[in-house]
Amino acid sequence: MVQKYQSPVRVYKHPFELIMAAYERRFPTCPLIPMFVDSDTVSEFKSEDGAIHVIERRCKLDIDAPRLLKKIAGVDYVYFVQKNSLNSRERTLHIEAHNETFSNRVIIHEHCCYTVHPENEDWTCFEQSASLDIKSFFGFESTVEKIAMKQYTSNIKKGKEIIEYYLRQLEEEGITFVPRWTPPSLGPSSETLSSSQTQATSVAVLVPDAAALKEGLSGEGLSSPGAASEPVVGTPDDKLDADYIKRYLGDLTPLQESCLIRLRQWLQETHKGKIPKDEHILRFLRARDFNIDKAREIMCQSLTWRKQHQVDYILDTWTPPQVLQDYYAGGWHHHDKDGRPLYVLRLGQMDTKGLVRALGEEALLRYVLSINEEGLRRCEENTKVFGRPISSWTCLVDLEGLNMRHLWRPGVKALLRIIEVVEANYPETLGRLLILRAPRVFPVLWTLVSPFIDDNTRRKFLIYAGNDYQGPGGLLDYIDKEIIPDFLSGECMCDVPEGGLVPKSLYRTAEELENEDLKLWTETIYQSASVFKGAPHEILIQIVDATSVITWDFDVCKGDIVFNIYHSKRSPQPPKKDSLGAHSITSPGGNNVQLIDKVWQLGRDYSMVESPLICKEGESVQGSHVTRWPGFYILQWKFHSMPACAATNLPRVDDVLASLQVSSHKCKVMYYTEVIGSEDFRGSMTSLESSHSGFSQLSAATTSSSQSHSSSMISRWRFC
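Here the structure is a predicted model, which is why all the values come from computation and not from measurement.

Peer 1: I'd like a description of the pattern of salt bridges, backed by residues and values.
Peer 2: Side-chain pairing between opposite charges can occur once the charged atoms of the two side chains come close. Under the defined criterion, the tally for this structure stands at 30 salt bridges. The salt bridge involving Lys277 is made with Glu380; its shortest N-O contact spans 2.8 Å. Here the residue Lys277 occupies a position in the loop between helix H6 (254-271) and helix H7 (278-287), and Glu380 occupies one in helix H12 (residues 361-386), the gap between them amounting to 103 residues. Take Glu380: its relative accessible area is 30%, and that puts it in the partly exposed class. By sharing partners, the salt bridges in this structure join Asp336, Asp338, Arg340 and Arg432 into a single network.

So, in structure tokens, the structure goes:
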């Protein structure tokens with residue numbers, strides 16, 4: 001059992017030297033941490049110039065554990081070894097700690113670091129990371145893990161309070177300034193010290209008020225005083241500041257903060273500098289109770305879906321058909337008392353059958369997606385307006401007029417599909433659902449729909465029959481009186497269309513709807529394929545003119561794969577339909593194709609023209625290959641079996657969990673390929689220089705990554 005923790009950056013608005021003076025007061029004991037009983041100095045080293053000070057302490061802890069467990073373990077106290085390395089020249093303090101007691105059964109490592117704030121040299125940053133690995137503990141492994149994480153979390157919360165407590169203590173003693181270290185030969189005079197102290201005071205006065213800034217490191221943009229700039233994301237060095245998390249993401253426990261940071265780091269490593277916004281990552285973590293592996297899996301699937309169907313561009317490129325604008329009885333209407341955007345849907349007044357017959361299921365789905373995209377945008381705006389995190393919206397559904405015609409089977413089918421898509425790709429975006437004037441037929445509809453709604457989402461539903469919403473605990477508890485719509489006996493005029501029956505003259509035939517659906521939704525330049533262990537997916541590209549350029553763009557949706565390119569002078573035979581043939585292995589979806597005959601020999605019948613490229617789950621890869629010979633080129637995606645000790649971007653335990661997620665040795669890729677003439681392909685011809693483009697326009701900013709010039713040219717060519 002391994003637990004990991006990574007803190008956000010915590011900022012002290014005090015100089016590094018003053019923080020160090022406060023930190024040293026924690027030893028040899030710290031009354032603010034009752035479990036910290038005592039500490040003894042084991043070794044100490046100071047450099048001749050006084051710039052380096054390394055001290056090692058043996059710390060005695062009284063762990064708050066059940067008496068029976070202590071008796072079984074045979075100890076009353078637990079000892080840790082802590083090594084502090086202070087570099088006054090560089091103004092850094094590194095703290096390494098590990099357990100001495102039960103080190104053969106339990107392995108605890110902790111690293112903390114105090115550094116100077118990169119944007120303000122009179123502020124100090126603090127970060128910490130830790131890992132807990134319980135090998136065995138007399139059968140009480142789970143209990144020990146819970147105790148350790150509970151106490152560690154408690155101490156993390158107190159960390160900043162303790163430093164601030166000793167800072168106040170120093171201030172009461174008249175110590176508000178500690179001079180910086182200088183080489184002995186260049187020691188400052190008392191006049192210089194006085195001048196430095198005055199200068200430090202003046203700098204502190206000139207520092208802008210933190211409320212006007214997003215405090216933190218480069219990710220929080222301290223370079224624009226007086227205005228809260230958007231956090232810059234996309235570089236591996238970005239770090240989240242604790243104050244930024246509280247201001248823009250909400251109150252999180254230390255372990256929740258750690259999950260957010262670790263998942264964010266994984267995305268940065270995988271996508272090479274282009275990641276979703278922190279709010280979006282946090283939604284998926286909340287949807288899976290902060291289980292990193294589960295959240296990572298569903299988020300990567302969602303980001304791939306967004307890219308495949310170009311959801312990021314809906315608001316800018318798609319205009320709803322006039323039928324929807326006239327007869328879809330829904331729209332945005334101010335906000336609720338918590339500042340959440342409010343969406344009003346008059347479902348009882350809407351002709352669902354008419355909309356489906358006139359537009360088709362896909363058009364309705366796309367319209368609902370555009371509503372969700374607009375909701376995300378409004379949440380960001382309201383976060384800035386109200387000065388607190390707003391990550392979800394409220395939906396008010398008026399069911400007056402709901403009857404059996406709304407239970408038309410194709411309409412219910414469309415509704416269920418919409419719910420399924422929204423649940424998978426917009427988790428934790430619904431803050432509250434107010435269902436008003438529910439008629440007698442509503443329980444029938446609820447019985448059909450509720451099994452498809454997540455339990456956490458269902459708990460946000462409030463259902464009122466008749467005029468119950470006007471009484472105590474009703475609408476006024478959630479929405480200000482001034483904005484209650486007029487059709488609900490309020491005083492505010494609501495611009496939501498009234499709906500009504502869609503004229504039958506606008507209905508379309510099944511054939512017309514099918515063709516329209518293809519244009520609206522399923523027509524995509526990407527194709528999907530399943531890759532099984534022992535059954536790769538291959539596509540054939542015939543090249544007539546040498547020096548043509550084969551380009552590709554693919555996402556690894558599930559599992560790890562190996563990407564290869566082969567050349568053959570002979571044309572591979574198409575797969576045989578005979579189930580006993582050499583090419584009979586197919587995926588359940590029927591889209592797995594193998595072209596290289598099993599009797600072919602590498603080097604004789606076909607040759608490898610590029611070194612294999614290992615691509616991990618979640619990666620998005622672009623690249624190109626300049627053909628040297630005419631003939632037949634085969635692009636192959638093959639299942640990758642991870643060696644037990646392979647070095648990866650993920651910690652080893654994550655690798656194990658990731659491998660377990662690949663059910664039945666199945667991988668999945670979504671790919672796009674095209675051949676262009678060399679005269680149309682500008683830039684470097686370096687082949688298989690892949691760039692990891694990232695999945696989504698949810699990224700707040702796109703930064704340049706260390707991608708190849710050829711791949712970047714492909715990217716510009718494809719998306720212009």
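We are not done yet, so read on.
Peer 1: How would you summarise the sheet that holds strand S12 (residues 430-438) if you had to cite specific residues and measurements?
Peer 2: Spatial strand order, S9-S10-S11-S12-S13: 5 strands in an open sheet with mixed pairing. The open sheet is flanked by strand S9 (330-335) and strand S13 (461-465), the only strands paired with a single partner. Across this sheet, the average inter-strand angle for adjacent strands is 20 degrees, counted without regard to direction. Two strands pair when backbone bridges link them, and strand S11 (residues 393-398) and S12 are joined in this way by 6 bridges, in the parallel orientation. Within S12, the position partnered with Leu396 by the bridge is Leu434. Packing of H12 onto the sheet brings it into contact with S9, strand S10 (341-345) and S11, and relative to S9 it is tilted by some 10 degrees.

Peer 1: Give me the lowdown on the pairing of strand S5 (residues 78-87), citing residues and values where you can.
Peer 2: The element S5 is extensively covered by neighbouring structure, given that 7 of its 10 residues are classed as buried. As judged from the 10 bridges shared by strand S4 (residues 52-61) and S5, these two strands associate in the antiparallel manner. Bridge pairing in S5 places Glu56 opposite Lys83. Pairing geometry for S5 and strand S6 (residues 92-99), over 8 bridges, is antiparallel. When the bridges of S6 are listed, Asn87 appears paired with Thr92.

What counts as what
Residues numbered from 1 in each chain as written. Predicted model: local features only at pLDDT ≥ 70, side-chain atom pairs only at ≥ 80, totals over all residues. Heavy atoms only, no water. Salt bridge = Lys/Arg side-chain N within 4 Å of Asp/Glu carboxyl O. Helix = DSSP H or I, 4+ residues; strand = E, 2+ residues; numbered from the N terminus. Buried < 20%, exposed > 50% of the residue type's maximum accessible area, 1.4 Å probe, protein only. Pairing = 2+ DSSP bridges. Axes fitted to C-alpha atoms, helices over the stretch in contact; angles between N-to-C directions. Contact = heavy atoms within 4.5 Å.

Geometry only, nothing functional implied.
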